[in-house]
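Summary of the model geometry
Each chain, written out:
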Amino acid sequence: MDSLSPEELRLAGEQRRLRLQILGLNAVGAEATFDRVARLAAGFTQSPLAMVNFISDKQQMFRGMYTPTGDPGARTDAAGNAVTFDLSNLTREAPGDYGFCPHAVAMGSQLALDDVFDYPRFKGNALVNDLGVRSYLGTPLRDNTGMILGTVCVADFKPRVWDAQTREGMKELADTLLSEFRLRDSLLAQQQELFAVFDGAPFPIMLTEGPEHLLRYANGKQGQAFGMVPQFSRGRHVLPGLEAIGVFNAMDDAFRSGQTTTLGGGRIKTYDSPSPQEFDFLCTPVRTSPTAPVSGILTVAMNAGGTSSAKQSHAFAANVQQRFEQMGNGALSGATTPVDFFGPRH
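What you are looking at is a predicted structure, and each value in this text was computed from that prediction instead of being measured.

Rules behind the numbers
- Residues numbered from 1 in each chain as written.
- Predicted model: local features only at pLDDT ≥ 70, side-chain atom pairs only at ≥ 80, totals over all residues.
- Heavy atoms only, no water.
- Core = buried A, V, L, I, M, F, W, Y, C linked by side-chain atoms within 4.5 Å.
- Buried < 20%, exposed > 50% of the residue type's maximum accessible area, 1.4 Å probe, protein only.
- Helix = DSSP H or I, 4+ residues; strand = E, 2+ residues; numbered from the N terminus.
- Contact = heavy atoms within 4.5 Å.
- Phe/Tyr/Trp six-rings, centres within 6.5 Å; stacked < 30°, edge-to-face > 60°.
- Lys NZ or Arg CZ within 6 Å of the ring centre and 35° of its normal.
- Pairing = 2+ DSSP bridges.
- pLDDT = per-residue confidence, 0-100.
- Axes fitted to C-alpha atoms, helices over the stretch in contact; angles between N-to-C directions.

Things to note about the nonpolar core
With 25 residues, the main nonpolar core has Val 52, Phe 54, Leu 141, Val 152, Leu 177 and Phe 181 as its most contacted residues. Looking at this core, the elements that each hand over two or more residues are helix 1 (6–23), helix 2 (32–45), strand 1 (49–55), strand 2 (59–66), strand 7 (135–142), strand 8 (148–156), helix 6 (164–175) and helix 7 (178–198). If near-sequence neighbours (up to four positions away) are discounted, Leu 177 is found in contact with Thr 33, Phe 34, Val 37, Val 52, Leu 141 and Val 152. Within the second largest apolar cluster, 24 residues are counted, among which are Met 51, Ile 55, Met 65 and Cys 101.

Written out as C-alpha cells, the structure is:
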C-alpha cells in the first residue's frame, strides 16, 4: 500500500522533521488547538480514540489526543459506550513505525480499515496487540505548503464501517488546521524581520527552541562572544560556558513558567575579549502562535554595569521583550526598523 521506496520514505521523513522543526512542532507535548481537533474528531465519528499525530523521521508526536477519562473500570467513548481497555497511561509519543498512521502518511491518502483482522499486513500491528484496536481511519494532515506532516486519526475497539460521509468529514476537519499552519508561518516571517535587526545588534542574542534549548538563531555578536555553533544543536552541549554560569537554568525557568526571567552578573570568559566579562541575561518566552504553549526562549546578553552602552543594551532588551510578547499575542504587525530597537542615533 505504501507508494514510496525506502529511500524516498527516509528523505520524506527528514523533510517532515525539518518542517516540523521550523513550525515548532517537532517535540512531544499537548497543545490546546490540536487537542480540540482530536476531541471534535472523536465526537464526530463516535470513536473512543482520536489523535492529531505529527510524524518525523524518528518518532510520532500526538500533540492532539482524545481518550476516555474517569474510572478505568467504567470508561466510555465519545458516545457514552463502555470501553474495555484502560487508556489512562497512553503516552503522547510512539516510535516512527508504530501503528497505522505511518502507512497513511507514506500512501499520501486516507487509510480506512473497517476491521484490521481483514488485512494480514495490519492485524499483527503492535497497536492491535497493545490497545486492542480493531478499526482505524487516518487522514493525511497537510500544511499550507501541501506537505504531509502527519495524520488526524480515529480508532475503535470494534470493527466498523467508515462510510463516505465520515471519511469526507475527517478530511474537512484536517483542513481546518491549515489556518494554524499559516499563522505559524506568518509569525515566523515576522521573526525573520526581527532577526534582520538583531544581526546588527552590538550584544549577543540567541533564540532557542524547546525544553532542550536547540539553537534556532544566533546573531553575529553571540557567535563572537560565546562561539559559533550549528543550527538546532543543543545549547547546553555546545555552549558550556553559558551552562556553567546558570544561563540555561534561567532559560528553563522561563520555559516552564512562561514568564521572563533575568540572570544578573554572570561572569564569563568570551572569545572576543582578553579578560572575563560580566553580563545580565534576559530570557523571554516565545510562542509560535497566540494560543500555542511556549515554544522557545529569546535570550539577550547585556553588558552589566552603569555605562551608557549598558543602559542602551537594557533598553534594547526591554524593547525586544515587548515585541516578542506582542508577537505571541498576535498583536505585532508591520515591518520593524533598526530605529525601533536601538533608539535615535547621536
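And the narrative resumes.
Examining the packing of aromatic side chains
This structure, assessed with the given rule, holds eleven aromatic pairs. Look at Phe 195 and Phe 198: their rings are 6.0 Å apart centre to centre, the planes differ by 50°, and that puts the pair in the tilted class. Of this pair, Phe 195 and Phe 198 both sit in helix 7, three residues apart, which is roughly one turn of the helix. The same class applies to Phe 195 as to Phe 198, namely buried. Taking the centre distance of 5.9 Å and the plane angle of 45° together, the rings of Phe 279 and Phe 281 count as tilted. On the accessibility criterion, Phe 281 (1% relative accessible area) is buried. The rings of Phe 100, Tyr 119, Phe 122 and Tyr 136 are connected pair by pair, giving a single aromatic cluster. Here the basic side chain of Arg 134 rests over the ring of Phe 117, its NZ or CZ set 4.0 Å away from the ring centre.

What to know about the pairing of strand 10 (residues 214–218)
The element strand 10 is extensively covered by neighbouring structure, given that four of its five residues are classed as buried. Bridging between strand 9 (residues 205–209) and strand 10 involves four bridges; their strand directions are antiparallel. Counted as the bridge partner of Met 206 is Ala 218 from strand 10. Joining the antiparallel neighbours strand 9 and strand 10 is a turn of four residues, in which Gly 210 adopts a positive phi near 75°.

Quick look at the confidence of the model for the protein
Of all residues in the protein, 80% have pLDDT values of 70 or greater, and the mean over the chain is 84. Between residues 70–77, whose pLDDT stays under 50, and residues either more than four places distant or in other chains, the model counts 20 contacts.

Side note on helix 11 (residues 247–257)
Taken as a whole, helix 11 has its buried residues at Val 247, Phe 248, Ala 250, Met 251, Asp 252, Ala 254 and Phe 255. Those residues of helix 11 that are buried lie in contact with strand 9, helix 9 (235–238), helix 10 (240–244), strand 11 (261–268), strand 12 (277–287) and strand 13 (294–303). Trailing helix 11 by a residue or two, Gly 258 shows a phi angle of about 75°, which is positive.

A closer look at the sheet that holds strand 6 (residues 111–113)
In spatial order, the strands read 5-2-1-8-7-6; together these six strands make up an open sheet with antiparallel pairing. Edge positions in the open sheet fall to strand 5 (93–95) and strand 6, since each of these has one partner strand only. Sheet twist, expressed as the mean angle between neighbouring strand axes with direction ignored, is 25°. When strand 6 meets strand 7, the two strands line up antiparallel, connected through three bridges. Within strand 7, the residue paired with Leu 111 across the bridge is Gly 138.

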